[in-house]
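Structure assessment
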Amino acid sequence: CRHGPASPAMKVVVIGGGAAGLGVGWRLLQAGAQVTVLDRAQPGHGATWAAAGMIAPASEHGGDNPTEAGFASYSSVLWPSFAKELEEKSGVQIGYRRCGSLVCSHREGAPAPAGARRLDTAAARALEPMLTCAVQSALWLEDEAQVENRALGRALVRAFLAAGGELLANEPVVRIENDGARVLGARTPFNVFEGDAYVLAAGAWTGRIEGLADSVLPPVVPVKGEMISLVPPPGAVMPACVVRDEHVYLVPRATRLCVGATMENAGFDTSLTPRARQWLFDSAVALMPDLAHWPLHEHWAGLRPGSPDRLPILGQTALSGLFAATGQYRNGILFAPAVAESLCALILGRAPGVDVRSFEPRLFAGAEFAQE
Ligand code: GLY
């Protein structure tokens, strides 16, 4: 994206201050654009805050669309330099760590993605001694990584502001004003924001914005995820890598172990349920029995943005001047550097470094969608 300045007059309004919106905004500022990010609440406190921070193109990503797999692996390659630059520019450490993922199975011989090493129970337990003996086989993905996603949100805010961006919290865009061909403005309860280009990066809330026909943007639905974290009792050793099975994933952080996540279509409900908390805890204990002694530290919920085909929605819409960066579903953190880079390129009329044509919102034009 940074191959020379944008037109100095270019003004971009970004709707949504999460990893996608702030990332695109930051890259656009670096390219010389003027950028305003509008967040419905507190920037970096939606799905970016609630996520698990896994950068796991093989074990978490899981889709079988080759373009999406290519995008996921492109983004994971961008991650180390993205993290380094973001830390330098923001002064915030974001804890990017290539810790690897251990994918456990209670069956023999699950199919192995490229780059995975197959381990038997003994080898898997040598890597993670707390693992249950009931694990039959495991895959070791040493290139997978993680980042402290809440710190990522803070770092993006700082880097965006340091680069000269305007960031408005509690400024929910309720309507995209348009004449059917081009955008006229982004309306919030008390203001209308005008720009040369607009980026819809409102995550699960994208579908709440009025004024857009189905031919402009397919429905984006919230997919609720509850998570918990556990703290090690004295003398306990934190797992070294991300560990997962068919039910849960365990993500080790400096002082706590994050356990995720439920998947539920519950509209915009983010209430915390004892049932989910118990299921997460029991599933974690089934994978690592010693976790039965680890006290609960936190329980939280967030909303993933789900598109009809569960692929990201990325690129120019059928309305002139309106771009979308939403529908990242389970992979908003993984995709963040590639979304920032590729959407910045598209807005500036340049070719992205990765194929994003399958994610174009215009592909949905005229499609019918069943209600979820
Ligand atoms: N990427 C983790 C989740 O969506 O639960």
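A quick note: this is a predicted structure, and the numbers were derived from the prediction, not measured.

What about the side chain of E177?
Along the polypeptide, E177 turns up in strand β9 (residues 175-178). A distance of 2.6 Å separates the side chain of E177 from the side chain of R187, its partner in a polar contact. Those residues in contact with E177 that sit more than four places away from it in its chain are R182, V183, L184, G185 and R187.

With respect to the site of the ligand
In the neighbourhood of the ligand, the contacting residues comprise M54, E60, Y249, A261, R304 and R330. Here a nitrogen atom of the ligand and a side-chain polar atom of E60 are 2.8 Å apart. R330 is positioned with one of its backbone polar atoms (N or O) 2.7 Å from a nitrogen atom of the ligand. Alone, the ligand offers 200 Å² of accessible surface; in the complex the protein occludes 88% of this. Here the residues of the shell around the ligand sort into three nonpolar, no polar and three charged.

Topic: the packing of aromatic side chains
This model, assessed by the stated rule, comprises six aromatic pairs. An angle of 70 degrees between the planes, with centres 5.3 Å apart, marks the rings of F71 and F359 as edge-to-face. Of this pair, F71 sits in helix α3 (residues 66-90) while F359 sits in the segment after α7 (332-347), and the two are 288 residues apart along the sequence. Ring centres of W205 and F268 lie 6.1 Å apart, and the angle between their planes is 40 degrees; on these two criteria the pair is classed as tilted. Of this pair, W205 sits in the loop between β12 (197-200) and β13 (221-230) while F268 sits in the loop between β16 (257-260) and α6 (274-287), and the two are 63 residues apart along the sequence.

Overview of the environment of R330
Tracing the sequence through the fold places R330 in the loop between β19 (322-326) and α7. A relative accessible area of 25% places R330 in the partly exposed class. Sequence-wise, R330 and L250 are 80 residues apart; in three dimensions their C-alpha atoms are separated by 15 Å. Ignoring any residue separated from it by four or fewer positions in sequence, one finds R330 in contact with E60, R244, Y249, M263 and R304. A polar side-chain atom of R330 sits 2.6 Å from a polar atom in the side chain of E60.

Structural notes on the environment of V35
For V35, the location among the structural elements is in strand β2 (residues 34-38). The class of V35 is buried, set by a relative accessible area of 4%. Note: C-alpha distance between V35 and L167 (132 residues apart in sequence) is 8.5 Å. When residues no more than four places from it in sequence are discounted, the contact partners of V35 are V12, V14, G25, L28, L29, F160, G165 and E166.

Observations regarding the side chain of T67
Tracing the chain through its elements places T67 in helix α3. Under the relative-accessibility criterion, T67 is labelled buried at 17%. Excluding anything up to four places from it in sequence, T67 contacts D355, S358 and F359.

Procedures and definitions
Residues numbered from 1 in each chain as written. Predicted model: local features only at pLDDT ≥ 70, side-chain atom pairs only at ≥ 80, totals over all residues. Heavy atoms only, no water. Helix = DSSP H or I, 4+ residues; strand = E, 2+ residues; numbered from the N terminus. Polar contact = N/O pair within 3.5 Å; in protein donor to acceptor, adjacent residues only side chain to side chain. Contact = heavy atoms within 4.5 Å. Near = heavy atom within 4 Å. Areas by Shrake-Rupley, 256 points an atom, 1.4 Å probe, with all protein chains shown as cover. Nonpolar A, V, L, I, M, F, W, Y, C, P; charged D, E, K, R; others polar. Phe/Tyr/Trp six-rings, centres within 6.5 Å; stacked < 30°, edge-to-face > 60°. Buried < 20%, exposed > 50% of the residue type's maximum accessible area, 1.4 Å probe, protein only.

Just geometry here; none of it tells us what the structure is for.
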